[in-house]
2 protein chains.
Amino acid sequence: MTLTQLSAFVLVARLGSVKAAAGVLGVSEPAVSQALSALRAHLGDQLVLRAGSGMTLTPGGNRLLTIASQMVALGAEAEAAVRVAQGAPEKLRVVATSTIAEFVATPLVDAFAGRAGGAVEASCGVASGAEMPVLVTNRLADLALGPNLTDANAGLVSEPIFRCRLIAVASARFRPRGGVGQAPWLVDPSATDPGSDTSRLLTKLGVPESRVRVFPNQTAAWAAAADGAGVAPAIAHLVAQRVRRGELTVVETPLTPIETRWHATTLSPDRRPVVAGSLRRFLGTPEAMQLMKAPGTGVLPSRFRPPVYVTIWS
Amino acid sequence: MTLTQLSAFVLVARLGSVKAAAGVLGVSEPAVSQALSALRAHLGDQLVLRAGSGMTLTPGGNRLLTIASQMVALGAEAEAAVRVAQGAPEKLRVVATSTIAEFVATPLVDAFAGRAGGAVEASCGVASGAEMPVLVTNRLADLALGPNLTDANAGLVSEPIFRCRLIAVASARFRPRGGVGQAPWLVDPSATDPGSDTSRLLTKLGVPESRVRVFPNQTAAWAAAADGAGVAPAIAHLVAQRVRRGELTVVETPLTPIETRWHATTLSPDRRPVVAGSLRRFLGTPEAMQLMKAPGTGVLPSRFRPPVYVTIWS
DNA sequence: CCGGCGAATAACCAATCGCTTAGATCCCCG
DNA sequence: CGGGGATCTAAGCGATTGGTTATTCGCCGG
């Protein structure tokens, strides 16, 4: 019984799928499957059973889940505690939805780390709305930037940190025939996350899957839209520059603009790492607001590390 | 960072010595030393430092100790929880001082397991008074039979379960010259445990080490005493049969008889495994009292497994 | 100054872990 | 009945773990 096996089990149980767990851990799916079967053999219990869509826990799996998730969390805590005690830089791991990760997460986290002056070592990753609660509760991430995830039961707190508007943009030359519902929609990966605003917008507009084209990031989707390939959803203030330059124009739809909020999610204050609380407070400062309003200002391009879709932390 | 490494660290920190930890775990001393150095390399911290006699913890080691011991305990709990949930027999691990282990621990534990009717799988081991608190707090044992170990700080509760008298015996022919302090003393391994009554008796009588001969068990020591080789300490009611048969006679000393109590030690009721609580209650029943008074009655000889001095549990 | 004890290191070995790719299996659903 | 998605199994691999014995190191006490 190893910690690796236990954390594989916890993720499978929480995400309801071996594949999803593998994605979060950044390993192949058989790796997780095998860790699970080793644990099954060791404990002599199936632990999780496939039940049509999704999985159910055996009685033993149920008991194990609470204990194992504590152990995994303590494992992360142990490393952090020793690190702090000897003055080594603390590791801060932030996850964000793909749009936030692309534009603001890295500048924010860099600014925070810079302010801490070497006492913090930060890294960013991308996650879906469904993965976020699991990552935070299992200490695979310290703070998540994205939708509201408040879940008192799981000990999670989400607080709004920024207000923005979701709109649609396209090339000025672009003339959709038959309304925006029929136009090609050019989206970034977050649109594939059922919990995202973009995904809800597409659903409500009745855009069929066949008309949606997913780009590796928001910038690429906007570039395609500027070429006249279709309509792209956008966060108003992030796309403002391109609209001002005339590359893109705002497209009216029956639903946009949508008022939305970015949230920061951590464990409840008494259980979260101190550094997560510090970052949370930093996000309320004018400096952080400024970075979210006008990302890119004040951060050297060379410091920008492109986000990785599959987050791999060892 | 593996659970094996963490439990090696916890035992070294708690027992203050690599050698002692190796003894408890039943492995060679370099095995523990190596587990420790792997952990040190992984965490980049010395964790424990040798300081003349004994060891001290670094700040990092201090933080780690509390977390790691929780993890180790949870590991044991995880296995137990799954086991119980699927109706597999619970594992119950009892440690006792060598004298208790030799005569009453196995009959008691067997009787308890028999009463539970296959729902409990019990095993006995021998430990010194110093090891007992460490074994119980780290869930390497569920219940300890021996001296009073109450330590509210560590969450341990010791309750007296039996009252008995420590005396000295020798062959009727044996005539010590110069008082019992000068006679050869024939003892069992518990006399080497500084926390035991026997050891305290020898100290107070001023018996020099050179006059003490250690036998592998109490029965062997008594047999040698019956041969006239010297004086042996004994629990009155356990040796009564041999005295009645005339093999041995009671020797008067300035200190004996000593009133003493056997204690049962577990974690505090809210944290101990349910089965440990059951055994604790069983120890208060007339059936258990009877077994402690007259061990051997009612237990088939074939069921008696001789105690092992170094306890090895995987 | 040396003996002895505990701890650390070296060298070695078997078993396991953790991961991969590739193929088999299972189950739902049309 | 067949296709497709998800899971499990198989085979193979390199690294690590966990263990051994033998040797060296460091320190205390006589």
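These lines cover the structure that appears in this document, whether it is placed above or below. (Residues numbered from 1 in each chain as written. Chains lettered and ligands numbered in written order. Predicted model: local features only at pLDDT ≥ 70, side-chain atom pairs only at ≥ 80, totals over all residues.)

1. Topic: the overall build of chain A
Moving on, step 1. A tally of regular secondary structure across chain A gives eleven helices and eleven strands.
Moving on, step 2. Scaling as 2.2 N^0.38, a compact globule of 314 residues should have a C-alpha radius of gyration of about 20 Å, and chain A matches this with 21 Å.
Moving on, step 3. Along the three orthogonal principal directions, the C-alpha set of chain A runs to about 65 × 50 × 35 Å.
Moving on, step 4. Counting over 314 residues, chain A shows a buried share of 46%. (Helix = DSSP H or I, 4+ residues; strand = E, 2+ residues; numbered from the N terminus. Rg over C-alpha atoms; globule rule 2.2 N^0.38 Å. Buried ≥ 20, exposed ≤ 12 C-beta atoms within 10 Å, placed from the backbone.)

2. Let's talk about the protein's contact with DNA strand D
Moving on, step 1. Residues in contact with DNA strand D amount to 21 residues; listed here are only the nearest, K19 and P30 of chain A together with T4, S28 and P30 of chain B.
Moving on, step 2. Going through the elements one at a time, α2 (18-25) and α3 (29-43) of chain A together with α1 (3-15) and α3 (29-43) of chain B are the ones with two or more residues in the surface near DNA strand D.
Moving on, step 3. Across the surface near DNA strand D, the residue classes tally to eight nonpolar, ten polar and three charged. (Near = placed C-beta within 6 Å. Nonpolar A, V, L, I, M, F, W, Y, C, P; charged D, E, K, R; others polar.)

3. A short note on the relation of the copies chain A and chain B
Both copies of the chain are related through a single rotation about an axis accompanied by a shift along the same axis.
Moving on, step 1. The transform that puts chain A on chain B rotates by 180° and translates by 0.1 Å along the axis, for an RMSD of 0.1 Å. The transformation relating the two chain copies, once decomposed into turn and shift, fits a two-fold axis. Considering only C-alpha atoms, the residue of chain A closest to the rotation axis is M71 of chain A, which sits at 2.8 Å.
Moving on, step 2. Of all interface residues in chain A, 100% are interface residues in chain B too; the two copies therefore contact each other through one and the same surface. (Least-squares fit on C-alpha atoms with pLDDT ≥ 70 in both. Contact = placed C-beta atoms within 7 Å.)

4. A word on the protein's contact with DNA strand C
Moving on, step 1. Around DNA strand C, the surrounding shell holds 20 residues, and the nearest of these are T4, S28 and P30 of chain A together with K19 and P30 of chain B.
Moving on, step 2. At the level of elements, α1 (3-15) and α3 of chain A together with α2 (18-25) and α3 of chain B are the ones that each hand at least two residues to the surface near DNA strand C.
Moving on, step 3. Its residues assigned to classes, the surface near DNA strand C shows eight nonpolar, ten polar and two charged.

5. Thoughts on the environment of K204 of chain A
Moving on, step 1. Structurally, the position occupied by K204 of chain A is in helix α7 (residues 197-205).
Moving on, step 2. With 50 residues separating them along the chain, K204 of chain A and P254 of chain A place their C-alpha atoms 9.8 Å apart.

6. Comments concerning the interface of chain A and chain B
Moving on, step 1. On the chain B side, the residues contacting the 24 residues of chain A number 24 residues.
Moving on, step 2. By residue number, the principal contributor to the side of chain A that touches chain B is helix α4 (residues 59-85) of chain A, which donates 16 residues.
Moving on, step 3. When the residues that make up the side of chain A that touches chain B are grouped by side-chain class, the tally is 14 nonpolar, six polar and four charged.

7. Some details on α3 of chain A
Moving on, step 1. If you check α3 of chain A, its first and last C-alpha atoms are 21 Å apart, about what 15 residues at 1.5 Å a residue would give, namely 21 Å.
Moving on, step 2. Residues V32, A35, L36, L39 and L43 of chain A constitute the buried set of α3 of chain A. Buried positions in α3 of chain A, seen along its axis, are confined to an arc of 95° and lie on one side of it. Those residues of α3 of chain A that are exposed and angled more than 90 degrees off the buried face are P30 and A41 of chain A.
Moving on, step 3. Buried residues in α3 of chain A make contact with α1, α2 and α4 of chain A together with α4 (59-85) of chain B.
Moving on, step 4. G44 of chain A lies just past α3 of chain A and shows a positive phi near 65°. (Expected span 1.5 Å × (residues − 1). Arc of directions from axis to C-beta.)

8. Concerning helix α11 (residues 286-293) of chain A
Residues and elements named next belong to chain A.
Moving on, step 1. Every buried residue of α11 is listed here: A288, L291 and M292. The buried residues of α11 occupy an angular sector of 100° when projected down its axis, which confines them to one face.
Moving on, step 2. Against α5 (98-116), β6 (156-170) and α10 (274-282) lie the buried residues of α11.

9. What about the packing of α1 of chain A against α4 of chain A?
Residues and elements named next belong to chain A.
Moving on, step 1. Contact geometry for α1 and α4: axes closest at 9 Å, N-to-C directions at 120°. Relative to α4, the element α1 lies oblique. Taken as a pair, α1 and α4 cross one another with a handedness that is left-handed. Facing L3, L6, S7, F9, V10 and A13 of α1, the residues of α4 in contact are G61, L64, L65, A68, S69, M71, V72 and G75.
Moving on, step 2. Here the residues of the contact of α1 with α4 are counted per class, giving ten nonpolar, four polar and no charged. (Axes fitted to C-alpha atoms, helices over the stretch in contact; angles between N-to-C directions. Parallel < 35°, antiparallel > 145°, perpendicular 65-115°, else oblique. Left-handed = near helix turned anticlockwise from the far one by under 90°.)

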